[in-house]
Amino acid sequence: MHPEPDPCAGTDANAVAAELSGLVFEVTGRLRAQFNAAAAALGLPPAQALVLTNLSGPAPMRRLADWLSCEPSNVTGIVDGLERRGLVTRRPAPGDRRVKHVVLTEAGERKRRQLRSSAHALASTFFELPGPDQRHLRDLLARVLAGPSASTDAASG
């Protein structure tokens, strides 16, 4: 639940930014819960599901650690679990055999498609807004993610 907006703070940019932050965190939490539920329905722990959805080609363990915001040593256990399930394999990096790349197997590709399909279906119901509102929200969020210069450029153009 997010706090009710303060009508007296309508012109206070800090109050609006604080409310936006709270709303975005709430949306993020709900999306994460839906994603975790979709993963659980496929028998995957959340961390393994995150690796599957983000792995589109061979990736070093370091990149997986960055995606998951954790230490590379933690990724080893996650990848071990995916490997035991037959969803990924480790291969030496072409330029440096000491570096291991994680690669999806065919079973991993199938599981990733199932997970993405389920997560997208849940997101579609979560963002059940009229088409123009969805596109407007998407565009606003893209501008926020692009940074202040993109927002300024778009406003002045």
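Look up a bit, the structure's there.
Just so it is clear, the model here is predicted, and its values are computed rather than measured. By convention here, each chain's residues receive numbers from 1 onward along its written sequence. Whole-chain, interface and lining totals are the exception, using all residues; otherwise, since this is a predicted model, local features are given only for residues with pLDDT of at least 70 and side-chain atom pairs are given and counted only at 80 or more. Side-chain calculation: all heavy atoms of the structure are included, whereas hydrogens and water are not.

Overview of the nonpolar core
Buried together is how nonpolar side chains tend to be arranged in soluble globular proteins. Heads up, the condition is: Among the buried residues, those of types Ala, Val, Leu, Ile, Met, Phe, Trp, Tyr and Cys that are joined through side-chain atoms within 4.5 Å form a nonpolar core. Only protein chains enter the calculation, and the probe is 1.4 Å; a residue is then buried if its accessible area is under 20% of its type maximum, exposed if over 50%, and partly exposed in between. Every helix listed is a DSSP run of H or I at least four residues long, and every strand listed is a run of E at least two residues long, numbered separately from the N terminus. Residue contacts are defined here by distance: any two heavy atoms, one from each residue, within 4.5 Å place the two residues in contact.
Core analysis: the biggest nonpolar cluster contains 23 residues, and Leu64 and Val88 have the highest contact counts within it. Mapped onto this core, the elements with two or more residues apiece are helix H1 (13-41), helix H2 (46-54), helix H3 (61-68), helix H4 (72-84), strand S3 (100-104) and helix H5 (106-126). Excluding residues that lie within four positions of it along the chain, Val88 makes contacts with Leu52, Leu55, Val79, Leu82, Glu83, Val102, Val103, Leu104 and Thr105.

Focus on the sheet that holds strand S2 (residues 88-92)
Test applied: In this description, strands pair whenever DSSP reports at least two bridges between them. Lines are fitted to the C-alpha atoms to define the axes, a helix being fitted only along its stretch in contact, and any angle between axes, read from their N-to-C directions, falls within 0 to 180 degrees.
Strand order in the open sheet made by the 3 strands is S1-S3-S2, with antiparallel pairing throughout. The two strands at the open ends of the sheet, each matched to only one other strand, are strand S1 (59-60) and S2. Examined bridge by bridge, S2 and S3 share 5 bridges and lie antiparallel to one another. From the neighbouring strand, Arg91 faces S3, where its bridge partner is His101. Contacting S2 and S3, H4 crosses the sheet at an angle of about 120° to S2.

Quick word on unusual backbone geometry
Unusually for a residue other than glycine, Ser69 sits at a positive phi of about 55°. Tracing the sequence through the fold places Ser69 in the loop between H3 and H4.

So, the pattern of salt bridges
Definition in use: Definition used for salt bridges: Asp or Glu carboxyl oxygen within 4 Å of a side-chain nitrogen of Lys or Arg.
Summed over the entire model, instances satisfying the criterion amount to 7 salt bridges. Across the salt bridge formed by Arg90 and Asp80, the nearest N and O atoms sit 2.7 Å from each other. Of the two residues, Arg90 sits in strand S2 while Asp80 sits in helix H4, which places them 10 residues apart along the sequence. Accessibility expressed as a relative area gives 28% for Asp80, which makes it partly exposed. The closest approach of N and O atoms between Arg98 and Asp96, which form a salt bridge, is 3.0 Å. Taking the relative accessible area as the measure of exposure, Asp96 reaches 23% and is therefore partly exposed. Here the salt bridges share partners, and the residues they tie into one network are Asp80, Glu83 and Arg90.

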